[in-house]
Amino acid sequence: MNGEACIKKAYAFILTSDFEQAIIWFEQAIAAEPDNASYYHKCAISCARSGKWSKAYEHARRALELAEDEPEYIYHFQTIEARLQLSNAQQLLTQEPPALEEALLLLKQAVELDPLCFDAFYWIAMTYAELGQLDEAAEHAREAIRLDPGHSAARRLFADVSRRRRLMRYRINGQHRRRNR
């Protein structure tokens, strides 16, 4: 079977929401035509939708190697890289003790790669809040809310950070007034 026939089969499975079978058929198309960048790209998209980020990364990387100037391939590769950075950061944050600074670096890289990645902004805000850097936490929580206005956890985080900032300012101002008496 040629690559185009495999692609048609893959799309038929996508229409029935069977992404696993779609990936199998995309990979058969790749095997039939290993120098066709669009096949790798299409497979990477289905892998990403299925949460198979490592596999998505490999296919997106190969598509980009074959067509390095294709803006769509560059963008998709960056979003996959951002998702992998986010995943690595989340692992660092859930270990005991959490590696906050190291995770923060990965999260910032994720935001650079994909400035529309809500999860990266949200996790940055949570990490800054944990570090006690409340201004930075508020800034990133605000950006997360801008990206997903209905996200209740992001709204709660922003409200909590804002409350902690007001309390800190109140304490600082209260101590300043007592010293000036």
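Scroll up to find the structure.
It should be emphasised that the depicted structure is a prediction, and the values quoted were computed from it without experimental measurement.

Here is what the cut-offs are and how they apply
- Counting restarts for each chain, with residues numbered from 1 along the sequence as it is written.
- Per-residue local features of the predicted model are confined to residues with pLDDT of at least 70, and side-chain atom pairs are confined, for both listing and counting, to 80 or more; whole-chain, interface and lining totals are unaffected and use all residues.
- Only hydrogens and water are set aside; all other atoms, that is, all heavy atoms of the structure, feed into the side-chain values.
- In the sections that follow, a salt bridge refers to a side-chain nitrogen of Lys or Arg positioned within 4 Å of a carboxyl oxygen of Asp or Glu.
- A run of H or I in DSSP counts as a helix once it spans at least four residues, and a run of E counts as a strand once it spans at least two, with each numbered from the N terminus.
- Throughout this description, buried means an accessible area under 20% of the type-specific maximum (1.4 Å probe, protein chains only), exposed means over 50%, and partly exposed covers the range between.
- Each helix should span, by expectation, one fewer than its residue count multiplied by 1.5 Å.
- Contacts are assigned to residue pairs that have any heavy atoms within 4.5 Å of one another.

What about the pattern of salt bridges?
Logical step 1: Within this structure, the stated rule accounts for 11 salt bridges.
Logical step 2: As a salt-bridge pair, Arg163 and Asp160 come within 2.4 Å of each other at their nearest N and O atoms. On the criterion of helical spacing, the pair formed by Arg163 and Asp160 is a turn pair, its members being 3 residues apart in helix H9 (residues 152-179).
Logical step 3: Given the relative accessible area of 42%, Arg163 is considered partly exposed.
Logical step 4: Classification of Asp160 by relative accessible area gives partly exposed; the value is 27%.
Logical step 5: The network of salt bridges with shared partners includes Asp35, Glu58, Arg61, Arg62 and Glu65.

Let's talk about helix H7 (residues 118-131)
An α-helical turn contains 3.6 residues, so any two residues separated by three or four positions project in the same direction.
Logical step 1: Helix length check: H7 (14 residues) gives 20 Å between terminal C-alpha atoms against 20 Å at 1.5 Å per residue, within 8%.
Logical step 2: Taken together, the buried positions of H7 are Phe118, Ala120, Phe121, Tyr122, Ile124, Ala125, Thr127, Tyr128 and Ala129.
Logical step 3: Among the residues trailing H7, Gly132 stands out with phi positive, at a value near 80°.

Let's talk about helix H6 (residues 100-113)
Logical step 1: When the terminal C-alpha atoms of H6 are compared, their 20 Å separation across 14 residues agrees well with the 20 Å that a helix rising 1.5 Å per residue should span.
Logical step 2: The complete set of buried residues in H6 reads Leu100, Ala103, Leu104, Leu106, Leu107, Ala110, Val111 and Leu113.
Logical step 3: Against the buried residues of H6 lie helix H5 (71-94) and H7.

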